[in-house]
Amino acid sequence: MKYFLLPLILIFVFSCADNKKAEEIVDFTAQNEEEILTYIADNNLTAQKSATGLHYVINASGTGAQPNANSNVTVSYKGTFINGKVFDQS
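Residues numbered from 1 in each chain as written. Predicted model: local features only at pLDDT ≥ 70, side-chain atom pairs only at ≥ 80, totals over all residues. Heavy atoms only, no water.

### Details of the overall build of the protein chain
As a reminder, the rule being used: Numbering of helices and strands starts at the N terminus; helices are DSSP runs of H or I of at least 4 residues and strands are runs of E of at least 2. Note on classification: 1.4 Å probe, protein chains only; a residue is buried when its accessible area is under 20% of the maximum for its type, exposed when over 50%, partly exposed between these limits. Contacts were defined at the residue level, with two residues in contact if any of their heavy atoms lie within 4.5 Å. The protein chains shown are the only cover counted for residues, whose accessible areas, like all others here, come from Shrake-Rupley with a 1.4 Å probe.
Scanning the protein chain from terminus to terminus reveals two helices and four strands. For the protein chain, the succession of helices and strands along the chain, N to C, is α-α-β-β-β-β. Looking at the protein chain as a whole, 3% of its 90 residues qualify as buried. Expressed as a percentage of contacts within the protein chain between residues at least 6 apart in sequence, the contacts between residues at least 24 apart total 8%. As presented, the protein chain carries roughly 8800 Å² of accessible surface, and 57% of it is formed by carbon and sulfur atoms.

Structure follows, in structure tokens:
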């Protein structure tokens, strides 16, 4: 019985190894950045980029005193994909 299980285990291990191709990990960061910059240029936008990589456009700045930690603020925003589809808005 031992001699029967060993070849089966080896066949299983090698067949799994052969069928599993090394998955290529693709970093889309550069491609996404290029698409975003192209979109900004094509639409004549003046966008800013945050430290986290978010590109944003301020259409209208608020007025009044600067808020502090105890202030209530209202923010209007609209998040869209490059194709114009809205994914979130206030």
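### Focus on unusual backbone geometry
Positive phi is not limited to glycine here, since Asn44 has a value of about 50°. Along the chain, Asn44 turns up in the loop between helix 2 (29–42) and strand 1 (48–49).

### Examining the environment of Gln89
Among the structural elements, Gln89 can be located in strand 4 (residues 86–89). Sequence separation between Gln89 and Ser76 is 13 residues; the distance between their C-alpha atoms is 7.4 Å. Setting aside its immediate chain neighbours within four residues, Gln89 contacts Tyr77 and Lys78.

### Brief notes about a nonpolar patch on the surface
For clarity, the threshold we go by: Each patch is built from residues lacking any salt bridge and having more than 30% relative accessible area; the joining distance is 9 Å for like charges and 5 Å for nonpolar side chains (Val, Leu, Ile, Met, Phe, Trp, Tyr). Here a salt bridge means any side-chain nitrogen of Lys or Arg lying within 4 Å of a carboxyl oxygen belonging to Asp or Glu.
Side chains of Leu54, Tyr56 and Ile58 sit close together on the surface and give an oily, nonpolar patch of about 280 Å² of accessible area. We classify Tyr56 as partly exposed; its relative accessible area is 31%.

### Considerations on the pattern of salt bridges
One pass over the full model with this rule turns up one salt bridge. Among the salt bridges present, the one from Glu33 reaches Lys49, with a minimum N-O distance of 3.3 Å. Taken together, the residues span a long stretch of sequence, with Glu33 in helix 2 and Lys49 in strand 1 at a distance of 16 residues. Relative accessible area serves as the criterion here: at 23%, Glu33 is assigned to the partly exposed category. Owing to a relative accessible area of 48%, Lys49 belongs among the partly exposed residues under this scheme.

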